[in-house]
Amino acid sequence: DFLVYRFKPETYWYSLPLMTRSVCFSIIPVLPSVYLQLSVFQLVAVLSVAGSLVWRPWRVRAANHLDATMGIAMIIFISAATNLTLTSNTEGVSEHILSWVCMAEIMFILCLPAGLAVYVFIAAAAGWKQTQWRYMICHYKPASAAFARLVKL
């Protein structure tokens, strides 16, 4: 029961991909090459984010968004790590260019929360204009309780 209670009923099976992702992440450090480790890590992270975006398995909508955002941030950090490993093992690659690429990725990571906050604010402002219910049902007074029973029929 503890494996499926966080997910929507139609995606009860999503605990299996999560456990598979965890096993893959724990096996990756055993791989011999740094480039192979980073490539497999990115592949697993991209597949995980894609699955999270396609199936939206979590019961809470914000959890789906958080899962996708954290996965994308993890992919960006691994991309930055890939750039940093190139400077120590590859000749002919300009360290100046790679430093600018890493700086751009770090600036993107730092600006991403502000952009997401603006997006959430705009989406919330657009959603405030819409009414989520048709009737306000209150059981405080006897007449309201009778109306609530009437509407419930």
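Up top is the structure.
All residue numbers refer to position in the chain's written sequence, counted from 1. Thresholds applied to this predicted model are a pLDDT of at least 70 for local features of residues and 80 or more for the giving and counting of side-chain atom pairs; totals over whole chains, interfaces and linings are not thresholded and use all residues. Only heavy atoms go into the side-chain values, all of them from the structure, while hydrogens and water stay out.

## Notes on the side chain of T11
Next, step 1: Mapped onto the elements of the fold, T11 is located in the segment before helix 1 (15-27).
Next, step 2: Here's how the labels work: a residue is buried when its accessible area is under 20% of the maximum for its type, exposed when over 50%, partly exposed in between, all with a 1.4 Å probe on protein chains only. Under the relative-accessibility criterion, T11 is labelled buried at 4%. A run of H or I in DSSP counts as a helix once it spans at least four residues, and a run of E counts as a strand once it spans at least two, with each numbered from the N terminus.

## Re helix 1
Next, step 1: The length a helix should cover is 1.5 Å for every residue beyond the first. Here helix 1 is 13 residues long and its end C-alpha atoms lie 19 Å apart, about the 18 Å a rise of 1.5 Å per residue gives.
Next, step 2: Residues of helix 1 that are buried include every one of S15, L18 and F25, and no others. The buried residues of helix 1 occupy an angular sector of 90 degrees when the element is viewed end-on, so they sit on one face. Note: the arc covers the axis-to-C-beta directions of the helix.

## Quick notes on the packing of helix 1 against helix 2 (residues 34-55)
Each packed pair of helices is defined by two parameters, the angle between the axes and the distance between the axes.
Next, step 1: For the pair helix 1 and helix 2, the least separation of the axes is 10 Å and the interaxial angle reads 165 degrees. When the interaxial angle is binned, helix 1 and helix 2 end up roughly antiparallel. Relative to helix 2, helix 1 is oriented so that their crossing is left-handed. Contacts from R21, C24 and F25 of helix 1 reach helix 2 at F41, V44, A45 and S48.
Next, step 2: Here the contact of helix 1 with helix 2 is composed, by residue class, of five nonpolar, one polar and one charged. Here, axes are lines fitted to C-alpha atoms. For helices the fit covers the stretch in contact, and angles between N-to-C directions go from 0 to 180 degrees. Reported orientations rely on four angle classes, namely roughly parallel under 35 degrees, roughly antiparallel over 145, roughly perpendicular from 65 to 115, and oblique for the rest. By definition, turning the near helix anticlockwise from the far helix through less than a right angle yields a left-handed crossing, and turning it clockwise yields a right-handed one. Any two residues whose heavy atoms approach within 4.5 Å are treated as being in contact. Think of it as three bins: nonpolar holds Ala, Val, Leu, Ile, Met, Phe, Trp, Tyr, Cys and Pro, charged holds Asp, Glu, Lys and Arg, and polar takes everything else, Gly as well.

## Structural notes on a nonpolar patch on the surface
Next, step 1: Patch membership requires over 30% relative accessible area and the absence of a salt bridge. Like charges are linked within 9 Å, and nonpolar side chains (Val, Leu, Ile, Met, Phe, Trp, Tyr) within 5 Å. In this description, accessible areas are obtained by the Shrake-Rupley approach with a 1.4 Å probe, and a residue is regarded as covered only by the protein chains that are shown. Throughout this description, the term salt bridge denotes a Lys or Arg side-chain nitrogen within 4 Å of a carboxyl oxygen of Asp or Glu. Residues V4, Y12, W13, V54 and W55 make up a contiguous nonpolar surface patch of roughly 510 Å² in combined accessible area.
Next, step 2: Mapped onto the secondary structure, Y12 falls in the segment before helix 1.
Next, step 3: The exposure class assigned to Y12 is exposed, which follows from its relative accessible area of 51%.

## Re helix 2
Next, step 1: Compared with the 32 Å implied by 1.5 Å per residue over 22 residues, the 32 Å span of helix 2 between its first and last C-alpha is a close match.
Next, step 2: All of the buried residues in helix 2 are L38, F41, V44, A45, S48, V49, G51 and S52. Down the axis, helix 2 shows its buried residues gathered within 160 degrees of arc, on one side only. The exposed set on the far side of helix 2, more than 90 degrees from its buried face, consists of L43, L47 and V54.
Next, step 3: Just past helix 2, the residue R56 takes up positive phi, approximately 45 degrees.

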